[in-house]
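# Summary of the model geometry
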Amino acid sequence: MFSEGGSFRGSRGASFAQMLTKSLPPMSGSRKSNKHRPTLNGDQEHDSVRQGTKSFKSGHLYKPKVSPKVLVEKYKNGETNAVSLLHQLAQVLQFHLEIKETVATGNLPGFYFAFAVEIDGVQHKIGMGVTKKEARLNAAKVALEDILPNLGCLKSDLPQTSDIPPPLPVKEETSSSDSYPSRGFYERKSSVNLQIPHAVKDQLSKLLNNHPEFSSCGGTTAAFIVKTSSGCEVIALGTGNFNTKESVSSNGRVVHDSHAVVTARRSLMRYLYRHLLMYFSKNANLTAKSIFTHNINSKLLTLKSGITLHLYVNQLPKGAAQIPTKLRLNPFSITTWQVNSEISLHLSVKGKVFSVFSSTHDNSATEMVSMSTTDKITQWQVLGYQGALLSHFIEPVYVQSILVGDSSCTEIRGMEMSVNQRVEGITSLLPMFYCMMRPHISLVPSVVASDTGSQLTCGINWCEGDGSVEVVDGLEGKTIEESPFKSGPALASRLCKAAMLHRFRLVAKEAQRQDLVTTSCYRELKMMAKPYQEAKNLLRAYLSQQGFGSWLEKLPDSDNFSD
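Scoring rules and cut-offs
- Residues numbered from 1 in each chain as written.
- Predicted model: local features only at pLDDT ≥ 70, side-chain atom pairs only at ≥ 80, totals over all residues.
- Heavy atoms only, no water.
- Buried < 20%, exposed > 50% of the residue type's maximum accessible area, 1.4 Å probe, protein only.
- Helix = DSSP H or I, 4+ residues; strand = E, 2+ residues; numbered from the N terminus.
- Pairing = 2+ DSSP bridges.
- Contact = heavy atoms within 4.5 Å.
- Axes fitted to C-alpha atoms, helices over the stretch in contact; angles between N-to-C directions.
- Phe/Tyr/Trp six-rings, centres within 6.5 Å; stacked < 30°, edge-to-face > 60°.
- Lys NZ or Arg CZ within 6 Å of the ring centre and 35° of its normal.

## Observations concerning the pairing of strand β10 (residues 346-349)
Here β10 shows two buried faces, one formed by H346 and S348 and the other by L347 and V349. Two strands pair when backbone bridges link them, and β10 and strand β11 (residues 352-355) are joined in this way by four bridges, in the antiparallel orientation. What sits directly across from L347, in β11, is F354. Taking the residues that link successive antiparallel strands as the turn, the β10-β11 hairpin has two residues, and the phi of K350 there is positive, at about 55°. Direction of pairing for β10 relative to strand β12 (residues 369-371): antiparallel, over a ladder of three bridges. Among the inter-strand pairings, L347 is bridged to a residue of β12, identified as M371.

Written as structure tokens, this is what we have:
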């Protein structure tokens, strides 16, 4: 599949120059008013249809005449179809709607078309059909299953409107200066994004108020939030900014990467294990409360309809997300080497990051090295946040939006380029259920103060259902003596690999998966998740072929443990 020095077959990935140019707003003087803009001719219209994308933006003088509640009732009564309802709601509620043709992943019998609905930059599940019309309709149906339970306006009167609509969140204005604000700047005032950061603030304050002696541990914070029709709930939270000072441990009882997003993600995995145990329990009430439901089209579980996952960070993640402004403002004045170095994969060592192409860092065997947080997020948006072990039971779990609550940050193009554009075009190569899920990335109000200069090495972790926080020393990779929660005298963290393996075995037993119960080695269990491993290998080869560098390989002994 891969040829040495050649391109990645089937790739639609953008080059560095294309990515940089794509992320730029129009240069001053290049914009024209609508009245001078030529209309599409017949050939252009044909090309637009052939690409399989339908887009709608609300008109500036449109005043909705019909209540959304009436439109939805007509849909439920069979008077209109799902596609029509989406376009009507887009007009009434003034959101940006696209129905895009995509690729049906996996080896499906026969030939299928695939479409996905995107609303204000957030992509919903894929709908498939033997015709484009059927696939588009199915995509609209699954999107409505997600958005209708969250549509608060159905319970109230039509919102107030005026002749001038609110500014679209993706709108960018040119400036006479040499800098351009990103779309995230305009999203600061969006009420849609206010619920999540305030939910994170409330949860973190609650945890730290119970243990004020660890209040200084919240400088770098990340949290995962579940959003349903009833509102937002913080389900996993982590703080921290360090790797361990020692090289990789072979017993699975040391947490090697304690950066906030990584800590929050491992806390999320604990939350997922907890809900799997609820689902497989013999208690009907617990099963009903689980976030999972059975997918009739596979042997795997999936998140219930109407449940979406979101990620909040109070700092731009380390790595390519923090690329310098000059790379985004004037790409034609910089060298290819500079672009490669900044947009490339990055290594995290002792709290600092280095490009994989950098000669500054000497990869010594005596110090802990990991991929940067930005690169890990890029990987999770393709492989899912559940990891290899959980993929034995559930479909990939993706984040729908990433909210950056960094008061010192004015733009997020680096984040968008790193997470979204580096892996464009990979979906068609991936096995069943895996895809490149583009999260909607935006700036939100800063509600959790960040402290980039702090040298405090401790961080906290928590997930929904925990009685108290656990405090881990990032340099040691173990729980501290003073931690409110301690798993035992050895001070192994509840986030370590050995603890995850213990939870995995409990779930495998409840799910009656004898093939998994009888396998003891952590690494062997991970390798048995073949679709996940296939997707991982494809992703890393793809990144390398696109020129972003090679992913750091783990030492073979790091996962060879059983107890």
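The structure having been displayed, the exposition proceeds.
## Considerations on the sheet that holds strand β6 (residues 231-239)
Across the sheet, which stays open at both edges, the eight strands sit in the order β14-β13-β9-β5-β6-β15-β16-β17 with mixed pairing between neighbours. Edge strands, defined here as strands with exactly one partner in the open sheet, are β14 (440-443) and β17 (478-479). Where helix α7 (residues 195-210) meets the sheet, its contacts fall on β5 (221-228), β6, β9 (308-313), β13 (401-404) and β15 (458-463), and the angle it forms with β6 comes to roughly 55°.

## Some thoughts on the packing of aromatic side chains
Scanning the model with the defined rule gives seven aromatic pairs in all. Both rings, one in Y279 and one in F280, keep their centres 5.2 Å apart while their planes meet at 90°; by these two values the pair is edge-to-face. Connected via pairs of aromatic rings, a cluster forms that spans Y279, F280, F393 and F504. Over the ring of F548 we find R422; its NZ or CZ atom is 5.9 Å from the centre of that ring. Residue placement shows R494 over the ring face of F485; its charged tip is 4.6 Å from the ring centre.

## Quick notes on the sheet that holds β10
Strand order in the open sheet formed by three strands is β11-β10-β12, and the pairing between neighbours is antiparallel. The outermost strands of the open sheet, each flanked by one partner alone, are β11 and β12. Pairs of neighbouring strands in the sheet enclose a mean axial angle of 35°, with direction left out of account.

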